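Structural overview
Chain by chain, the residues run as shown.
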Amino acid sequence: WGIDPSGMARAAFANLRAGRFVQGGSTITQQLAKNLFLSSERTLARKIEELTIALWLEMRLSKQQILELYLNQVYFGAGAYGIEAASQKYFGKSARALSIREAALVAGLLQAPTRYSPFRNPGLARQRGNTVIAKMQRAGFLDAKTAKNARNARLKFAKADANTRTTRDLGYAIDYVLAHMPQLSGLEQGIIIVETTIDASLQRKAQSVLRRALDRARKGRRARGQGAIVVLDGEGEVRAIVGGRSYAQSQFNRAIKAQRQPGSAFKPFVYLAALESGLTPETTVYDLPVTIGDWSPRNASGRFEGAMPLERGISKSVNTVAVRLQQQLGPDAVIQSARRLGIQSKLRRDPTLALGTSEVSTLEMTAAYATLANGGLKVGPHVIRRVRTHSGRLLFAPSARSSPRVLAGETVGQMSRMLSAVVERGTGRRAAFANHPAAGKTGTTQDARDAWFVGYTRHLTAGIWIGQDGRGPSLTGLSGGTLPAEVWRDVMAFAHDDLRPLPLAWYGGAKARPLTSRAKLKPKSKPKPKSRPTPVAKRRPTRRPKTLATRRVPVARVTPQRTRTRTQTTPRLAERTAIFARRIPALPKRRPTRVVRRKAPARAIAPPRVPVANPSLDQRFIADAIRETERFETRKLARSELERTRRARQFDAEAIRRMLAEAQSPAGPAPVPSRYRRPQTLMGLGKPPR
């Protein structure tokens, strides 16, 4: 009847044990029904339709007719559809002229066409052919002698053409294209040309970068990691897709079929909901302990920093801030943000959602970040541009795709600003590469089983996942900011080699920060404010007074910021001083005391320490206290100098009056103080005028 109940039961048990679809249990009739009438999506509804159509085909066609239709529709690798095209491709002859050994090799290609391709792995293709011959012998289709002769027969492959040689390292991309091939009508005998969005050079580079990175991480360890890479452009075109370390070893495409926990790479959806609720990157949030039921999230650093701006919360990937935001906004707001950006997987409605505990695929995450790179316009990933025959007749062309706006421009600008801080001075510093500003987010799950980095520039968006397939030992030291960020940097640097640097699209008055070298992407220490030099007090240029009564005496007044000059008029004192000095030259003129600014010693300051939860706040408090104390000491010093100057001038005036009085008295002058004593003091001058 075209249905294998035992095979379907075995596949169902394997799927339940793995937690995902790993086997189908389909017969040739079911596969023909899928290839002719259905799509390749793995859903229960599609499986029921497949069973119904398989029963319908069994009632109307014989086994020979079903096998003939199947062999003429199925893909044999190297761009060959149908057994006749595969025979011409691999052996240069018709399918009717194939030997037993050659026919067994072609039949063995169906399990993994790219892996067992004679052009890529001729030795593996021969082994697969021998396996098919052995099964034919056990089934009774061949006797022992015929099977032995078939295994010893010589195989001569046709020369691979240029197009076949260029398919190396493109296995995952080819399978993805074939899985999205549209239903074609009006086919004619010949070659079908499928134009795709895949960049072959970028695809090979991504595969090679991932392989080298995993080999480097595995060196000296038992762990054997896997990875996935997806690269999209601004229109949603898939430029590269890598589903594992090696397609020859595993054809399972982890980029689209594997569901993994994104960890902190899911936090942008939480912060996006926060921005849409009215918060800004400068809004103060708090990194403090939080407990929800029996769950108390902790930070990777193991400490709490207290108050911080929203931008620092995402750049340093602070767990408690994301959890608090989701508790305030509600999980429904976060789920709605993720859905609008393209996340279709099932999301848990619990507090752990903020830390990325719901499984998603690499393609989903990359497409969601591409919406941010595209200025808030949602893009759908696609890989096929058009399908035509060898003669040029168009068989398929996708309709014009619309990109609806799902995010406001100002929100996108704020989000890009915060995610660029992750690359510049946050957990994703290793992802920075020269000339092109980038934004992204790291993600690491518990026990480092999954590590992510998803980021974008103005040109491309790429998502990297590295982890383990099963429950084996994880890679030592793996986190989103290490190996995934480095792979992202190498892939994107190659992809941007011939692209013009463009700043990220920022809105809401924020300007882009163009970067010209990788050094500018490194975190910088906050520059110290330059202290303004204190200008020297200068006497104002004034005309010489005509009378001594208008003479001005400069007096310096010191302030913490700058020194000013103030004039003070003392007409009577100036007149008396000038008259007496003219008649008594031994009496020196007293100059005003120069005020020198002195800085109070910082060690003498002991401001009280106020217990603050945030060490950075405590440091700012101490700095403010030191500055205020310095200003107070400076003002106090200035007042004391001015007071000393005033007293000195007052003493000089009193000394002059006393000398004048003693000179007029009959007893004669009194002894002059030592500091005014000169050898010729008051000698031969006679009486001064009254």
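Computed from a prediction, not measured in an experiment: that's the story for all the values here.

Observations concerning the pattern of salt bridges
- Under the defined criterion, the tally for this structure stands at 22 salt bridges.
- Residue R216 is joined to E486 by a salt bridge in which the shortest nitrogen-to-oxygen separation is 3.9 Å. Note that R216 is positioned in helix α11 (residues 200-218) and E486 in helix α18 (residues 483-495), a separation of 270 residues in sequence.
- A salt bridge links D490 to R489, with the nearest nitrogen and oxygen atoms 3.3 Å apart.
- Among the residues examined, D490 registers a relative accessible area of 31% and is labelled partly exposed.
- Several salt bridges share partner residues, and in doing so they unite E282, E311, R417, E424 and R425 into one network.

Some points on the packing of α11 against α18
- Relative to each other, α11 and α18 sit at 155 degrees, their axes nearing to 10 Å. In this view, α11 runs roughly antiparallel relative to α18, as classed from their interaxial angle. Crossing hand, α11 versus α18: right-handed. Here S201, L202, K205, A206, V209, A213, R216 and A217 of α11 come into contact with α18, specifically with L483, E486, V487, D490, V491, F494 and A495.
- Split by residue class, the contact of α11 with α18 holds 10 nonpolar, one polar and four charged.

What about the confidence of the model for the protein chain?
- Predicted confidence across the protein chain gives a mean pLDDT of 77, with 69% of residues reaching 70 or more.
- Between residues 507-590, whose pLDDT stays under 50, and residues either more than four places distant or in other chains, the model counts 105 contacts.
- Across residues 672-690, confidence stays below pLDDT 50; counting only partners more than four residues off in sequence or on other chains, it has 23 contacts.

Some remarks on helix α12 (residues 267-276)
- Most of α12 sits inside the fold, with nine of its 10 residues counted as buried.
- Of the surrounding secondary structure, the elements contacted by the buried residues of α12 are α13 (310-315), α14 (319-329), α15 (331-341), α16 (362-373), α17 (409-425) and β8 (439-444).

Observations regarding the nonpolar core
- Counting residues in each nonpolar core, the largest one holds 60 residues, and the members touching the most others are F269, Y271, M365 and M415.
- Looking at which element gives the most residues to this core, the answer is α16, with eight residues.
- Setting aside chain neighbours within four positions, we find F269 in contact with V334, S337, A338, L341, I343, M365 and A368.

Focus on the sheet that holds β8
- Across the sheet, which stays open at both edges, the five strands sit in the order β3-β2-β10-β9-β8 with antiparallel pairing between neighbours. A single partner strand is all that each edge strand has here, and the edge strands are β3 (238-242) and β8. With direction set aside, neighbouring strand axes in the sheet form an average angle of 5 degrees.
- Set on the sheet, α11 makes contact with β2 (226-233), β3 and β10 (460-467); between it and β3 the angle comes to about 30 degrees.

A word on the packing of aromatic side chains
- Under the criterion given, the structure shown has six aromatic pairs.
- When the ring of F91 is compared with that of F157, the centres are 5.7 Å apart and the planes differ by 35 degrees; the resulting orientation is tilted. One end of the pair, F91, is in helix α5 (residues 83-91); the other, F157, is in the loop between α8 (144-152) and α9 (162-165), with 66 residues separating them in the sequence.
- Owing to a relative accessible area of 7%, F91 belongs among the buried residues under this scheme.
- Between the aromatic rings of F453 and W488, the centroid separation amounts to 5.2 Å while the plane-to-plane angle is 65 degrees, which identifies the pairing as edge-to-face. Of this pair, F453 sits in strand β9 (residues 450-456) while W488 is found in helix α18, placing the two residues 35 residues apart along the sequence.
- Among the residues examined, F453 registers a relative accessible area of 0% and is labelled buried.
- The exposure class assigned to W488 is buried, which follows from its relative accessible area of 0%.
- Pairwise contacts between aromatic rings join F433, F453 and W488 into one cluster.

Some thoughts on the sheet that holds strand β1 (residues 192-196)
- The strand order across the open sheet formed by three strands is β1-β6-β7, and the pairing between neighbours is antiparallel. Each end of this open sheet is capped by a strand with a single partner; those strands are β1 and β7 (394-396). With direction set aside, neighbouring strand axes in the sheet form an average angle of 30 degrees.
- Both strand β6 (residues 384-389) and β7 contribute to a ladder of two bridges, which runs antiparallel. Opposite R388, over in β7, you have L394 as the bridge partner.

Section: helix α2 (residues 28-37)
- All buried positions along α2 are accounted for by T29, Q30, L32 and A33. Taken end-on, α2 shows its buried residues confined to a sector of 160 degrees, consistent with a single buried face.
- Along its buried surface, α2 packs onto α3 (44-60) and α4 (63-73).

Criteria and thresholds
- Residues numbered from 1 in each chain as written.
- Predicted model: local features only at pLDDT ≥ 70, side-chain atom pairs only at ≥ 80, totals over all residues.
- Heavy atoms only, no water.
- Salt bridge = Lys/Arg side-chain N within 4 Å of Asp/Glu carboxyl O.
- Helix = DSSP H or I, 4+ residues; strand = E, 2+ residues; numbered from the N terminus.
- Buried < 20%, exposed > 50% of the residue type's maximum accessible area, 1.4 Å probe, protein only.
- Axes fitted to C-alpha atoms, helices over the stretch in contact; angles between N-to-C directions.
- Parallel < 35°, antiparallel > 145°, perpendicular 65-115°, else oblique.
- Left-handed = near helix turned anticlockwise from the far one by under 90°.
- Contact = heavy atoms within 4.5 Å.
- Nonpolar A, V, L, I, M, F, W, Y, C, P; charged D, E, K, R; others polar.
- pLDDT = per-residue confidence, 0-100.
- Core = buried A, V, L, I, M, F, W, Y, C linked by side-chain atoms within 4.5 Å.
- Pairing = 2+ DSSP bridges.
- Phe/Tyr/Trp six-rings, centres within 6.5 Å; stacked < 30°, edge-to-face > 60°.
- Arc of directions from axis to C-beta.

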